[in-house]
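Secondary and tertiary structure notes
For reference, the chains in residue letters:
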Amino acid sequence: MFLYFGKKRDEGQSAYLFFSIESRSNIPTVRKSTDNINPRIKLKKGTPIFSIFLKPNLITLLKGTKPTPVLQKTFDSFFDRLALSIYPLFLLVLFQMIICLTLLNQKHRKDVEGLRISLKYSKLSVLVFISIVFHSKKRYNISKTDIFDLGGTMEQLKLNQYFDYSLEPRRAILFQDVKSNYASIECVQRNLNPLTTSLCVMSRADHSKGLTLASSPTFKKVFGMKNVSRASDLPFLIETRKFNYPQWYRTHTDIHGQRTEPTLQYVAFIESWAKRTWIVPPQMQLYVDYKIEVTDILTNYTSIDEIHSYSIDESFLDITESLNFFYPEIKNRYEQMNRIALDLQREIRDKLGLYVTVGMGDNPLLAKLAMDNYAKHNDNMRALIRYEDVPNKLWTIPKMTDFWGIGKRTEKRLNKLGITSIKELANADPLLLKQKLGTIGLQHFFHANGIDESNVREKYVPKSTSFSNSQILPRDYHKQREIELVIKEMAENLAIRLRKGGKLASNLSLYAGAASTSEYSSVKVSRNIEATQNTKELQDLAI
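Residues numbered from 1 in each chain as written. Predicted model: local features only at pLDDT ≥ 70, side-chain atom pairs only at ≥ 80, totals over all residues. Heavy atoms only, no water.

1. Quick look at the side chain of Gln-539
- Counting through the fold element by element, Gln-539 comes out in helix H22 (residues 535-542).
- Beyond its immediate stretch of four places on either side in the chain, Gln-539 contacts Lys-488, Ala-491 and Glu-492. (Helix = DSSP H or I, 4+ residues; strand = E, 2+ residues; numbered from the N terminus. Contact = heavy atoms within 4.5 Å.)

2. Concerning the confidence of the model for the chain
- Of all residues in the chain, 68% attain a pLDDT of 70 or more, and the chain-wide mean is 75.
- Confidence over residues 107-159 falls short of pLDDT 50; this stretch has 59 contacts with residues more than four positions distant or in other chains. (pLDDT = per-residue confidence, 0-100.)

3. Quick look at the environment of Thr-420
- Of note, Thr-420 is situated in the loop between helix H17 (408-416) and helix H18 (422-426).
- Residue class for Thr-420 comes out partly exposed when judged on its relative accessible area of 48%.
- Here the alpha-carbon distance between Thr-420 and Lys-399, two residues 21 residues apart in the chain, equals 8.9 Å.
- With sequence-adjacent residues up to four places away left out, Thr-420 is seen in contact with Met-400 and Asn-415. (Buried < 20%, exposed > 50% of the residue type's maximum accessible area, 1.4 Å probe, protein only.)

4. Quick word on unusual backbone geometry
- In this model, Asn-191 sits at a positive phi of 60°, which is unusual for a non-glycine residue.
- Relative to the helices and strands, Asn-191 is located in the loop between helix H8 (181-189) and strand E5 (199-202).

5. Points about the sheet that holds strand E7 (residues 229-230)
- Strand order in the open sheet formed by 4 strands is E7-E6-E5-E8, and the pairing between neighbours is mixed. Every other strand in the sheet has two partners, leaving E7 and strand E8 (278-280) as the edge strands with one partner each. (Pairing = 2+ DSSP bridges.)

6. Looking at the nonpolar core
- Of all hydrophobic cores here, the largest spans 37 residues; its most connected members are Leu-174, Ile-319, Met-337, Leu-344, Ile-348 and Leu-354.
- Mapped onto this core, the elements with two or more residues apiece are strand E4 (173-178), H8, E5, helix H12 (284-298), helix H14 (333-352) and strand E11 (356-361).
- By residue number, the principal contributor to this core is H14, which donates 7 residues.
- Within the second largest apolar cluster, 36 residues are counted, among which are Tyr-165, Met-371, Ala-375 and Ile-422. (Core = buried A, V, L, I, M, F, W, Y, C linked by side-chain atoms within 4.5 Å.)

7. Regarding the packing of aromatic side chains
- Following the criterion strictly, the structure yields 15 aromatic pairs and no others.
- Measuring from centroid to centroid gives 4.5 Å for Phe-175 and Phe-316, while their planes differ by 55°, and the two rings are tilted. Within this pair, whereas Phe-175 is found in strand E4, its partner Phe-316 is found in strand E10 (residues 314-318), the two being separated by 141 residues in sequence. Phe-316 shares its class with Phe-175; the two are buried.
- Relative to Tyr-287, the ring of Tyr-182 has its centre 4.2 Å away and its plane inclined at 10°; by these criteria the two rings are stacked. With Tyr-182 in helix H8 and Tyr-287 in helix H12, this residue pair connects regions lying 105 residues apart in the sequence. Here Tyr-182 and Tyr-287 have matching classes, each one buried.
- Three or more aromatic residues joined by ring pairs make a cluster, and in this case those are Phe-243, Tyr-245, Trp-248, Tyr-249 and Tyr-266.
- Lying across the ring of Trp-273, Arg-276 places its NZ or CZ 4.0 Å from the centre. (Phe/Tyr/Trp six-rings, centres within 6.5 Å; stacked < 30°, edge-to-face > 60°. Lys NZ or Arg CZ within 6 Å of the ring centre and 35° of its normal.)

8. Brief notes about the sheet that holds E10
- Spatially, the 5 strands line up as an open sheet ordered E9-E10-E4-E11-E12, and their pairing is mixed. In this open sheet, the two edge strands, each paired with only one partner strand, are strand E9 (307-311) and strand E12 (382-385). The average angle at which neighbouring strand axes cross in this sheet is 20°, direction not considered.
- Set on the sheet, H12 makes contact with E4, E9 and E10; between it and E10 the angle comes to about 15°. (Axes fitted to C-alpha atoms, helices over the stretch in contact; angles between N-to-C directions.)

9. Here's the deal with the packing of helix H19 (residues 430-437) against helix H20 (residues 439-448)
- Remark: H19 packs on H20, axes separated minimally by 6 Å, with the N-to-C direction vectors making an angle of 140°. When the axis of H19 is compared with that of H20, the two are oblique. Within the contact between the two elements, H19 uses Pro-430, Leu-433, Lys-434 and Leu-437 and H20 uses Thr-439, Ile-440, Gly-441, Leu-442 and Phe-445.
- Considered class by class, the residues forming the contact of H19 with H20 number 6 nonpolar, 2 polar and 1 charged. (Parallel < 35°, antiparallel > 145°, perpendicular 65-115°, else oblique. Nonpolar A, V, L, I, M, F, W, Y, C, P; charged D, E, K, R; others polar.)

10. A look at the packing of helix H21 (residues 480-501) against H22
- Their axes nearest at 9 Å, the elements H21 and H22 cross at an angle of 140°. What the angle tells us is that H21 and H22 run oblique. You can see that H21 and H22 cross each other, and the crossing is right-handed. Counting all contacts with H21, which are made through Ile-487, Lys-488, Ala-491, Glu-492, Ala-495, Leu-498 and Arg-499, the residues of H22 involved are Thr-535, Leu-538, Gln-539 and Ala-542.
- Classifying every residue of the contact of H21 with H22 gives 6 nonpolar, 2 polar and 3 charged. (Left-handed = near helix turned anticlockwise from the far one by under 90°.)

11. Quick word on the pattern of salt bridges
- Tallied over the entire structure, the rule returns 13 salt bridges.
- The residue Arg-170 makes a salt bridge to Asp-362 at a minimum N-O spacing of 3.1 Å. One end of the pair, Arg-170, is in the loop between helix H7 (150-159) and E4; the other, Asp-362, is in the loop between E11 and helix H15 (364-373), and 192 residues separate them in sequence.
- Its relative accessible area of 30% is what places Arg-170 among the partly exposed residues.
- The salt bridge partner of Asp-389 is Arg-386, with a shortest N-O separation of 3.0 Å.
- Given a relative accessible area of 10%, Asp-389 falls into the buried group.
- Here Arg-386 falls in the partly exposed class, since its relative accessible area comes to 28%.
- One salt-bridge network, in which partners are shared between bridges, spans Arg-170, Asp-362 and Glu-388. (Salt bridge = Lys/Arg side-chain N within 4 Å of Asp/Glu carboxyl O.)

12. Some thoughts on the environment of Gln-345
- Along the chain, the position of Gln-345 falls in helix H14.
- Overall, Gln-345 belongs to the buried group, its relative accessible area being 9%.
- Spatially, the C-alpha atoms of Gln-345 and Tyr-355 are 6.8 Å apart, while their sequence positions differ by 10 residues.
- In this view, Gln-345 contacts Val-356, Thr-357, Val-358, Asn-380, Met-381 and Arg-382; residues no more than four positions away in its chain are not counted.
- One polar contact links the side chain of Gln-345 to the main-chain carbonyl oxygen of Met-381, over a distance of 3.2 Å. (Polar contact = N/O pair within 3.5 Å; in protein donor to acceptor, adjacent residues only side chain to side chain.)

Laid out in C-alpha cells, this is it:
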C-alpha cells in the first residue's frame, strides 16, 4: 500500500512522505523510502512503521521540503485532493488498529483455541486504505476511474520506479559540437576537406617534443590517436616521417623481453600516411574568431539568452520557442527539432566550411548524451534522446565512463557498491548513493534516469576561480637552476593574470611531470598561502 501526504504542489511549501507497508511477521515495516533532494528522514528496511507515525515532530521534520517528481506519479491524480483530510483520519484508524490488535494478542495468549484472528495485517491495511478513499470520494469528487486506474499506473511504475517524466520540463534542446574544431579550422584555412585530410595541430610543430592539441577524423582513424597526446607517442617520427620503432617496441614487448615485430605492410601504411599528414602549430586567436562566427549563426535560430557556450567548440541551444516559428506546418516537435538541426548544420558548413554534430533532447543532459554517444557515429551527425528513450538509449551505454560526469575514479567507487552499468545506477537506492558518494551520488542517480532540470537561460557563475599555467618543455631539464627559472616564469605569468583580474591567490599548487625516460615519479604539492598577487612572493613560495 502506497501513501502520499502533502499539500497541492501549487500551494507552495509542503510536507511529504512516500512509503509502503507490508506484512512481515505481523509487524508492518517500511520497505522503501525516498526523499531525493533533501532527505530529512531516513527510513531503513525493517523500521517499524508505528515508531515513525507516533513521533510528534514528524511534520516538523518533513515540512519545508519541496515536492519533487520522485514517486509522485502513481497517486498524484487523486491524492493531492485527499492529502489535507485523510492524514488525521489515517492516524486515528492506525491508532485504533494498534489498540485492537494489542487486545486481540493478549486474548490470544489466554485462550488460543477459542479465538481465531481471521484478519491479517495486509488485508486490514487494504480495507483501511479503501475506506479512506471512499470516505473522501464525495467531498473531493473522485471517480471510480481515479481509484481503480491504479493497475495501469502500477505497470508504468514498474518501468521506472522513481520518476514521472510528465512532471519534468520537456524543452527542445540542441547541443552542437564542431567536429575536430581546431583541426577543421586549419583545414579550411588551407582549402582542405576537414573530413578526409590527415592533419594534426601540435604545440611545437617543428619539434618532436610537442603536444597534440587536436587532430582531424582521418588522422585519428589512421594513426589511432586521441586529441591530447605527445608527439613521441605517434607511430611515426616527426622529423623524418619514418616508422617510430622505439614507440612500437614500448607497447609490443612482453615481460620476458620478447618483441613483436610490425609487419612490412603496416610500416608501409604508416609511412605513406605520415608523408601526407599536415602538422601545424595552433592559432588560438583564429579559433576564437571562428567561435564568434559560429555563435552569430546560432542566433539565427534562437535568442542569445537561450544559447550557452559550453566550450570553444560546443554550445547548448534552447529552441523551444522557435519550433513553430520555423516549421509551423509540422505538428511533431521532434521532427521540427530535426529540421532546425539540419538547417543549422548546412548553414555552418556553407558559410564557414565546418561540419557540426548535433545532439537533440528534452533537456540539456539528454542532448549532450545524444551527441556524445550517438550523433558522432551517425552518418547524418544528428541524434535524439527523449524521456521515453531512457531505457533503450541511456541504460544501454556500454561503458560507464562514456556517460557524462562519470570518470574512472567514480566508476571504481560505483563498482565497489555493486553498480557496473548505467541501468544498475538508475535503479540503485538513492539513499545509499548519497550516503556513500554524497550529493554527487544523487546527481549521478538522477542523470542515469535522464533527469536534468537545469535551464539554459540560467548562466552558471562559479563560486571560486582558479588560474593555472602549464608548459611542455622542449627537452629534459636536469639542472636545478633551469627548473627554477621555468617555475619563476610561470609564477610571474600567474601573478600578472591575478592583478589583471583583481584577484588574490590563497592556495598554490605545483605539479612537475617526470620525463618518460626518468626513473623518478611525478611530483605534486599544494599549500594554503597568505592571500597575495605579488610576483616575488609567488615565485618564492613556488620554489
